[in-house]
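The primary structure of each chain is shown beneath.
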Amino acid sequence: MIRTQKYETLQYLTADGITVPHGFTTRLGGVSTGTQSSLNLAVGRGDSLENVEENLRRLGRAVGFDPEKLVMTLQIHSDIVRVVTEKDHIGLCHRDYPKCDALVTNTPGVALLVFTADCTPLLFWDEKTGAVGAAHSGWRGTVSGIGARVVESMGREFGSRPQDIHAAIGPNIGLCHFETDEDVPQAFRAAYGSQMEPWITTDGKKYHLDLKAINRQILLNAGVTQVEVCTECTQCSPQRFWSHRVTGGARGSQGAIIVCQEVSR
């Protein structure tokens, strides 16, 4: 089950199956103002670095991580997965980081952060090895199977087995509002064939896709059986979540964060 957690004025979501510190943030509980009000986690959309740093410090206190061990992404809608350690922390400006859309680590204390504002956030935790992962899955990343790429990377780098991985899919733009032209469903059909048909609908002119269900199926295909799915739609709840489509791009960014911890033996 996905639950809402509160820390002072800050709100974020957690998955019952992931027992290390983690969360999918909302836009509530930060210091940013204007179109970035209030828990904006990313620079580059008009907010100041000082506001973003304070928001990340507040998030650190709420979730339980050290901002000095936070590693972030400069996202490009790819299927690139970076393996990182605490040496990859280079500051609290995500634009300073190498381009990728997913991070994995098995270094205790390291926190991973990806950003969304309609796209699908994915979090991963291996109960046996303690390895964790985080991914930003836009529709292009979803077509490329970035969730499966994370599972593969965790297996290759840390010996994780898919059956030991707990995954969570956070708030995104839902089937109700993710309207596209024909090129998007064509891309999914080319990549996955008829398996995607249950989550593609049309009114004859436009198409709607259920990206949560599609990402879940991609994880199931990769052997991950423990997948929790948030039901919330960012476009349905723009006062609670950032939505790029609602704001036309005049917005902040929420995040999906997870912290690696030592495995108790």
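Look up a bit, the structure's there.
Residues numbered from 1 in each chain as written. Predicted model: local features only at pLDDT ≥ 70, side-chain atom pairs only at ≥ 80, totals over all residues. Heavy atoms only, no water.

Draft legend 1. Layout of the overall build of the chain. Counting its regular elements, the chain contains six helices and 15 strands. Each of the three principal axes of the chain carries a C-alpha extent, and together these read 50 × 45 × 30 Å. Put simply, the chain has 265 residues, and 55% of those count as buried. Counting only contacts in the chain whose residues sit at least 6 apart along the sequence, the fraction spanning at least 24 positions is 65%. In the form shown here, the chain has an accessible surface area of approximately 10,700 Å², with 46% of it arising from carbon and sulfur atoms. Distance between charge centroids for the chain: 2 Å, based on 26 positive and 29 negative side chains. (Helix = DSSP H or I, 4+ residues; strand = E, 2+ residues; numbered from the N terminus. Buried < 20%, exposed > 50% of the residue type's maximum accessible area, 1.4 Å probe, protein only. Contact = heavy atoms within 4.5 Å. Areas by Shrake-Rupley, 256 points an atom, 1.4 Å probe, with all protein chains shown as cover. Lys, Arg positive; Asp, Glu negative; His and termini not counted. Charge placed at Lys NZ, Arg CZ, Asp CG, Glu CD.)

Draft legend 2. Highlighting the layout of surface pockets. In this model, the largest pocket occupies a volume close to 630 Å³. Forming the boundary of the largest pocket are 29 residues, of which His 77, Cys 119, His 136, His 244 and Arg 251 lie nearest the centre. If you list the elements that add at least two residues to the lining of the largest pocket, you get strand E7 (111–116), helix H2 (139–143), strand E11 (179–180) and helix H6 (244–247). A breakdown of the residues in the lining of the largest pocket according to their chemical character gives eleven nonpolar, ten polar and eight charged. (1 Å grid on protein atoms, 1.4 Å probe; cavity = no way out; pocket = protein on both sides within 12 Å on 5 of 7 lines; lining within 4 Å. Points joined across faces, edges and corners; volume = space filled by probe spheres on them. Nonpolar A, V, L, I, M, F, W, Y, C, P; charged D, E, K, R; others polar.)

Draft legend 3. Representation of the sheet that holds strand E12 (residues 200–202) within the structure. Spatially, the three strands line up as an open sheet ordered E11-E13-E12, and their pairing is antiparallel. Lying at the two open borders of the sheet, with one neighbouring strand each, are E11 and E12. Here three bridges tie E12 to strand E13 (residues 207–209), and the two strands are oriented antiparallel to one another. Among the inter-strand pairings, Thr 202 is bridged to a residue of E13, identified as Tyr 207. Packing of helix H4 (residues 183–192) onto the sheet brings it into contact with E11, E12 and E13, and relative to E13 it is tilted by some 50°. (Pairing = 2+ DSSP bridges. Axes fitted to C-alpha atoms, helices over the stretch in contact; angles between N-to-C directions.)

Draft legend 4. View of the pattern of salt bridges. A full pass over the atoms with the stated rule returns twelve salt bridges. Between Glu 86 and Lys 69 there is a salt bridge, with its nearest N and O atoms 3.9 Å apart. Of the two residues, Glu 86 is situated in the loop between strand E5 (81–83) and strand E6 (102–105) and Lys 69 in the loop between helix H1 (49–63) and strand E4 (70–71); the sequence distance between them amounts to 17 residues. A relative accessible area of 40% means that Glu 86 is categorised as partly exposed. Arg 82 is the partner of Asp 88 in a salt bridge, and the nearest nitrogen-oxygen pair spans 2.9 Å. Using a relative accessible area of 17% as the deciding quantity, one classes Arg 82 as buried. Several salt bridges converge on common partners, so that one network encompasses Glu 54, Arg 57, Arg 58 and Arg 61. (Salt bridge = Lys/Arg side-chain N within 4 Å of Asp/Glu carboxyl O.)

Draft legend 5. Molecular detail of the packing of aromatic side chains. The tally for this structure, following the rule as stated, stands at zero aromatic pairs. When the ring centre of Trp 242 is taken as reference, the NZ or CZ atom of Arg 27 above it lies at 3.9 Å. (Phe/Tyr/Trp six-rings, centres within 6.5 Å; stacked < 30°, edge-to-face > 60°. Lys NZ or Arg CZ within 6 Å of the ring centre and 35° of its normal.)

Draft legend 6. The arrangement of the sheet that holds E4 in detail. If you trace the six strands from one edge of the open sheet to the other, you get E1-E2-E3-E15-E7-E4, paired in mixed fashion. At either margin of the open sheet sits one strand with a lone partner, and together these are strand E1 (2–7) and E4. Alignment of E7 against strand E15 (residues 254–259), held across six bridges, turns out to be antiparallel. Residue pairing in the sheet places Leu 113 in a bridge with Ile 257 of E15. Taken strand by strand, H1 contacts E1, strand E2 (10–15), strand E3 (22–25), E4, E7 and E15, and its axis lies near 50° from that of E2.

Draft legend 7. Inspection of the nonpolar core at higher detail. The biggest cluster of nonpolar side chains holds 45 residues, and the ones touching the most others in it are Leu 70, Leu 112 and Ile 258. Elements that contribute at least two residues to this core include exactly E2, H1, E4, E7, strand E8 (120–126), strand E9 (132–137) and E15. Excluding anything up to four places from it in sequence, Leu 70 contacts Leu 56, Phe 65, His 89, Leu 92, Tyr 97, Ala 111, Leu 112, Leu 113 and Ile 257. Grouped together as the second largest cluster of nonpolar side chains are 17 residues, Leu 122, Ala 135, Ile 146 and Val 227 included. (Core = buried A, V, L, I, M, F, W, Y, C linked by side-chain atoms within 4.5 Å.)

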